Structure formats: structure tokens, C-alpha cells
Amino acid sequence: MSKLEDIVSLCKRRGFIFPGSDVYGGMAGTWDFGPLGVSLKKNIMDAWWNYFVEKRDDMYGVDAAIIMNPRTWVASGHTATFADPLVECKECKSRFRADKIADGISESVTTEEFLATHTKCPVCGKENWGPIRKFNMMFSTHVGAVLPEDTQDNPELAAKNIAYLRPETAQGIFTNYKNVIDTIYPSLPFGLAQQGKAFRNEISPRDFILRDRECSQMEIEYFVHPDSWEGEFEKLRALQHDFLENVVKLPAENIHELEVPAEDRAHYSKRTIDFMFDYPNGEEELMGLAYRTDFDLSNIQRESGKNMEYRDKNTGETFIPHVIEPSIGVERLFLAILSTAYTEEENEGKTRILLKLPENLAPYHFCVSPLLKNKPELVEKARAVYDMLREKYGNVTWDDSGNIGKRYMKQDEIGTPKCVVIDFDTLEDDTVTVRDRDTTKQTRVKISEL
Ligand SMILES: [Zn+2]
């Protein structure tokens, strides 16, 4: 098994991530978080929010609706350009993203360019392709009491009633920019942050949670004076590294910056750095830092007819702010953290699997257990220690199943940093055994010093 398969297997075995709609045979491109996964995901999202919003004077939060007025996506360019090159094999009717099955071509590949690569169908091995077609990746839905057949031959009604699940959280921030300016009067530069779901109808979802059809994003739109974007870009760039390396503890040597060349940049960006990460199956994008200029606010001003200018309180100067956007996918970060933490150790012919998760992210800080579950005095004492630790740290778990060795094995696999065991000595001297996940060393500690 590859390391990624080992991680997928552990995720299912221990309740981190299950295939979406598993009981019905799954739903391509979707994944569900189980009890342990929810805790880890929440800790990651809270760490991000704490670092980028709560600890700063220049950041504010918004939480916009997922279904937005369809004009949003006309203004943002998604209706026209949020499309992948779709190609169909005429032999077996399989459909693929052209730029994913042929080397050296971009998303804007033409039919001629694709045919010139002489790519064979990954399914049937033949080379008999239809033309490249643009496939828009937005999920559409009907809003209100409209039947799908009502809109089929009525483009006007369709335009009014077909809405999209947002393909990015960013537009929920831009469309609230004016409301925020008019209510809390922030001074430039300032950022608006949002965490939430985004949806992309990927042609071929793959690589576990790396390329799924529904994901959670954490995005900041940082509004700056047009003249100062370069300095602010560098500051935000340094902040991303600090967060990734010092808060969620990803190894710096596994993070690689990729300056995205103009022809590969999103339609709105004048400069983009992709932060790549060494995942078990190779280097993949972890997050992006993009200079979006005044593209979004100018388009919203044009589409809505509302003035998006900012008026400087001191100089009276008016202008449309420029924007720098750090954007990170929660699932991508989740997998980067998991694959960093996943460790196999060989010891006397046995393999120990452990997740070396940073303490601030681990689903549980402590596991508390009585040495024996059939001794009421041990159980009672262990319960008291459990209640005390839960009061103090919150994320604490209880385990009295099987023998101690089995409990340690389970806690290692879910990344619990410390196991606390209450035994007969505890009843005498109020000390407990604390067993460390990474070293397996056991030490005797006073309960009051936990
Ligand atoms: Zn084929």
C-alpha cells in the first residue's frame, strides 16, 4: 500500500473521514468527516481564525449565504470562464479533463493542440477523440417554485431562476465590502475573512480529499491602496509561512513556492504564488496567494451600479481599493497535516502506527483510563481526574476498553499526545502514569501537576 492508502485506511478505521454517502455505495467526489475528523478539522479552522482574525486589529469576519444572486457570477467572470477543457473518447464514451491526461498543455488547450499530443484514452487505449468542449464547473440549482422543465425553453426565466452553489467563498466577501465599509468604517489596509463551503463540479475527482466536488475554504480579501500592494503582498506572504510552519507545524522543507506564470494565472490575477506541498503522492497545491487588483470591486460596481470607492479619511482621496487574497482549502491543509503526522515505527518486528499531531490540533489532548475497569475505586478516581482535565482542557477522552496496550495503540493512531492511567498507587499518593505518544516513555506525575 502507498502512504496515501495507509492514511485513507486509518481515516476510515478510526473515524476521521468516510466516503460520502457510504451506506448507498458512495457519491463521487464527496467525503464525510466522522467524530475524530470533525475535531481535527475544527481545531485547524479555529487555529486559522485565531491567527488571522482574532489576534489582529485589521481583520474582520463575514459569513455569506452559499446561494447568491446569479449576477455575482456574471460580474466575477465565472459564468463565462470557470470552465475546464472536456474531451470525450469516441470509442468508449469516457470523458476526461484534457489537461489532466495529456502532458504539457494548459487549461486553455485547443482541439488541435490536444490532438497533436497523440494521447491515448486512459480507459480503452484508443486514439479517437471528439472536440474539446468547455465544461462549466458551477453546480446549478433552481430557486423558488420553478420546475426544471419550466426553464428549458425559456432562457429569460432560466436566467432569473437558476442559481449556483458558490464556486468560491471570495465573492461572498466582495459583495459585502460596501456594507462593511458603511457600518464599521475600517481604515485601509484591512481584511475580510470567511470560512465556508464552496462547490466545483470536477470532471474527475481524485486523490482522496485533494480534489473533491465540495470543499471548505478559508479566504481573506485584504483591501489595500493600489500603490502599496507589493509591500502588503510580501507581508501576507510571510504570514502564510508563519502560520503553516509555526502554528500548524508543517515542515518548511515540504512547502515550495511556485510563482505562477501569466498564462496559467486565474483570469483576475496580476500575480499569484501557489504554495505547493509534498503530499504522499507528490507535489500538489496547498494554498494560493493572489493579487486580484481592483478586478472584483470594479466589476461589482459596473454590474450593480453601486459606488465601490473608498474615501481616505485623512487625505479625502477616493479610489477603488486593490485586493490581495490568501486562499486555503481546509481539506488540503487537513491532508497536509495528516500526512506530516502519519508515522510508522518498527519495533521488535511489530509496526506501531501513530499520528504525531501538534498538541493544539489533536482531537484529544489526553486520554484518561483506569488500569482495570472492574475495580470501582479505580474507576471512580479515574472519573474524577477525567472531569478535572476536561474542565481544564476541554478535549479529553475516556477509554476503559481492552487492555492498556490496546488503548495505547488506539490513542497513538488518533494522535492523542498523552495517556493518563489511574492505578492502585494513585489511591495511595495521588500520582498517575502519564505515557507520551511520541516517545512511549511513562512518567509518574502528581494529579495536581497535570
Ligand atoms: Zn476510450
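Here the residue index of a chain counts from 1 through its sequence in written order. Local features in this predicted model are restricted to residues whose pLDDT is 70 or higher, and side-chain atom pairs enter the listing and the counts only when it is 80 or higher, whereas totals over whole chains, interfaces and linings include all residues.

Enquirer: Please explain the overall build of the protein chain as it appears in this structure.
Expert: Here a helix means four or more residues in a row that DSSP labels H or I, a strand means two or more in a row labelled E, and each is numbered from the N terminus. Per the secondary structure count, the protein chain includes 16 helices and 23 strands. Oriented by its inertia axes, the alpha-carbon framework of the protein chain measures out at about 80 × 65 × 50 Å. Per-residue burial over the protein chain gives 32% buried out of 450 residues. Contact between two residues is assigned when their C-beta atoms, built from the backbone, lie within 7 Å. Restricting to contacts in the protein chain with at least 6 residues of sequence separation, those with at least 24 account for 63%. To sort residues by burial, count the other C-beta atoms lying within 10 Å of each one's C-beta; a count of 20 or more means buried, 12 or fewer means exposed, and anything in between means partly exposed. C-beta atoms are built from the backbone.

Enquirer: I tried to follow the pairing of strand E18 (residues 350–355) on my own but got confused; where do I start?
Expert: On any regular strand, side chains alternate: one points to one face of the sheet, the next to the other face. Here six bridges tie strand E17 (residues 342–347) to E18, and the two strands are oriented antiparallel to one another. Counterpart to Tyr342 in the pairing with E18 is Leu355. Linking E17 back to E18 in an antiparallel pair, the connection comprises two residues, with Glu348 at a positive phi of about 50°. Any two strands with at least two DSSP-identified bridges between them are counted as paired.

Enquirer: What is the right way to look at the sheet that holds strand E4 (residues 83–88) in this model?
Expert: Strand pairing in a sheet is mediated by backbone hydrogen bonds. Such pairs are either parallel or antiparallel. Reading across the sheet, the three strands line up as E5-E4-E6 and stay open at both edges, with antiparallel pairing between neighbours. Each edge of the open sheet is held by one strand with a lone partner, namely strand E5 (95–97) and strand E6 (133–136). Each strand axis lies, on average, 45° off the axis of its neighbour in the sheet, ignoring direction. In this structure, E4 lies alongside E5, joined through three bridges in antiparallel fashion. Considered in E5, the bridge of Glu88 is made with Arg95. Angles here are taken between N-to-C directions and fall from 0 to 180 degrees, while the axes themselves are lines fitted to C-alpha atoms, restricted in helices to the stretch in contact.

Enquirer: Mind showing me how you'd approach the sheet that holds strand E22 (residues 431–436) here?
Expert: A sheet is described by the order of its strands in space; here five strands give the open sequence E20-E19-E21-E22-E23, paired in mixed fashion. The two strands at the open ends of the sheet, each matched to only one other strand, are strand E20 (396–398) and strand E23 (442–446). Taken pair by pair, the neighbouring strands of this sheet meet at an average axis angle of 30°, ignoring direction. As defined by bridge partners, strand E21 (residues 418–422) adjoins E22 across four bridges and the pair is classed as antiparallel.

Enquirer: I'm lost on the nonpolar core in this one. Help?
Expert: One recurring pattern in soluble globular proteins is that nonpolar side chains are buried together. Counting 79 residues, the largest nonpolar core has Ile44, Leu333, Phe334, Ile337 and Val368 as the members making the most contacts within it. A total of seven residues in this core trace back to one element, the largest contributor, which is helix H13 (residues 330–341). Looking at which domains feed residues into this core, each of domain 1 (3–66 + 170–340) and domain 3 (364–449) supplies at least three. Sequence-distant contacts of Val368, that is, excluding residues within four places in its chain, are made with Ala382, Val385, Tyr386, Leu389, Val396, Trp398 and Val420. For our purposes the nonpolar core covers buried Ala, Val, Leu, Ile, Met, Phe, Trp, Tyr and Cys residues that link as a set through C-beta atoms within 7 Å. Of all hydrophobic cores here, the second largest spans six residues; its members include Phe96, Ala102, Phe114 and Ile132. Domain start and end points were adopted from an automatic or database domain assignment.

Enquirer: Would you explain the domain arrangement of the protein chain in this entry?
Expert: Frequently, the measure chosen for interface size is the accessible area removed from exposure when the parts meet. The domain architecture assigned to the protein chain consists of domain 1 (3–66 + 170–340), domain 2 (80–161) and domain 3 (364–449). Using only C-alpha atoms to locate each centre, domain 1 and domain 2 end up separated by 26 Å. Each partner contributes residues to the interface: domain 1 has nine residues there, and domain 2 has twelve residues. Each residue gets one of three labels, nonpolar for Ala, Val, Leu, Ile, Met, Phe, Trp, Tyr, Cys and Pro, charged for Asp, Glu, Lys and Arg, and polar for the others, Gly among them. Here the side of domain 1 that touches domain 2 is composed, by residue class, of two nonpolar, three polar and four charged.

Enquirer: Where do I start with helix H14 (residues 376–393) in this structure?
Expert: Because each turn of an α-helix spans 3.6 residues, side chains separated by three or four positions in sequence point in the same direction. A helix is expected to span 1.5 Å for every residue after the first. Compared with an ideal rise of 1.5 Å per residue, which puts 18 residues at 26 Å, H14 spans 25 Å between its outermost C-alpha atoms and is within 8% of the ideal. Residues Leu378, Lys381, Ala382, Val385, Tyr386 and Leu389 constitute the buried set of H14. Down the axis of H14, the smallest arc covering the buried residues is 145°, so these residues share one side. Among the exposed residues of H14, those pointing more than 90 degrees away from its buried face are Pro376, Glu377, Glu380 and Glu391. Turning to H14, the residues buried within the fold contact strand E19 (366–370), E20, E21, helix H16 (424–429) and E22. Backbone geometry just after H14 places Gly394 at a positive phi near 80°. The arc refers to the directions leading from the helix axis to the C-beta atoms.

Enquirer: Would you mind going over the environment of Ile324 with me for this structure?
Expert: In this structure, Ile324 sits in strand E16 (residues 322–329). Given 25 C-beta atoms within a 10 Å radius, Ile324 is considered buried. For Ile324 and Arg292, which are 32 residues apart along the polypeptide, the C-alpha to C-alpha distance reads 5.9 Å. Once you skip the residues sitting within four places of it in the chain, Ile324 turns out to touch Tyr222, Val224, Trp229, Glu232, Phe233, Leu236 and Tyr291.

Enquirer: Got a minute to help me understand the environment of Leu286 in this structure?
Expert: Tracing the sequence through the fold places Leu286 in strand E13 (residues 282–293). Under the C-beta neighbour-count criterion, Leu286 is labelled buried, with 24 such atoms within 10 Å.

Enquirer: When you look at the environment of Val74 in this model, what are you seeing that I'm missing?
Expert: Looking at where Val74 falls in the secondary structure, it is placed in helix H3 (residues 71–76). You can call Val74 partly exposed: it has 14 C-beta atoms within 10 Å. Excluding anything up to four places from it in sequence, Val74 contacts Thr79 and Glu303.

Enquirer: Would you take a moment to explain the packing of helix H2 (residues 35–54) against H13 for this structure?
Expert: Packed helices, taken two at a time, are described by the angle between their axes plus the distance between the axes. Close contact between H2 and H13 brings their axes to 10 Å; oriented N to C, the two are set at 110°. Of the possible angle classes, the one that applies to H2 and H13 is roughly perpendicular. Taken together, the residues of H13 that come into contact with H2 (itself represented by Leu40, Lys41, Ile44 and Met45) are Val330, Leu333, Phe334 and Ile337. For the contact of H2 with H13, the residue count by class is seven nonpolar, no polar and one charged. Between 65 and 115 degrees an angle is taken as roughly perpendicular, under 35 as roughly parallel, over 145 as roughly antiparallel, and anywhere else as oblique.

Enquirer: Would you mind going over unusual backbone geometry with me for this structure?
Expert: In most cases, non-glycine residues show a negative phi, while peptide bonds are predominantly trans. Here the residue pair Leu188 and Pro189 is connected by a cis peptide bond, since its omega of -10° sits within 30 degrees of zero. Mapped onto the secondary structure, Pro189 falls in the loop between helix H10 (177–184) and strand E9 (190–199). Even without glycine at this site, Lys249 takes up a positive phi of about 60°. By secondary structure assignment, the location of Lys249 is in the loop between helix H11 (229–247) and strand E11 (255–259). The class of Lys249 is partly exposed, set by 16 C-beta atoms lying within 10 Å. A positive phi angle, near 50°, is found at Glu348, a position not held by glycine. Within the secondary structure, Glu348 sits in the loop between E17 and E18.

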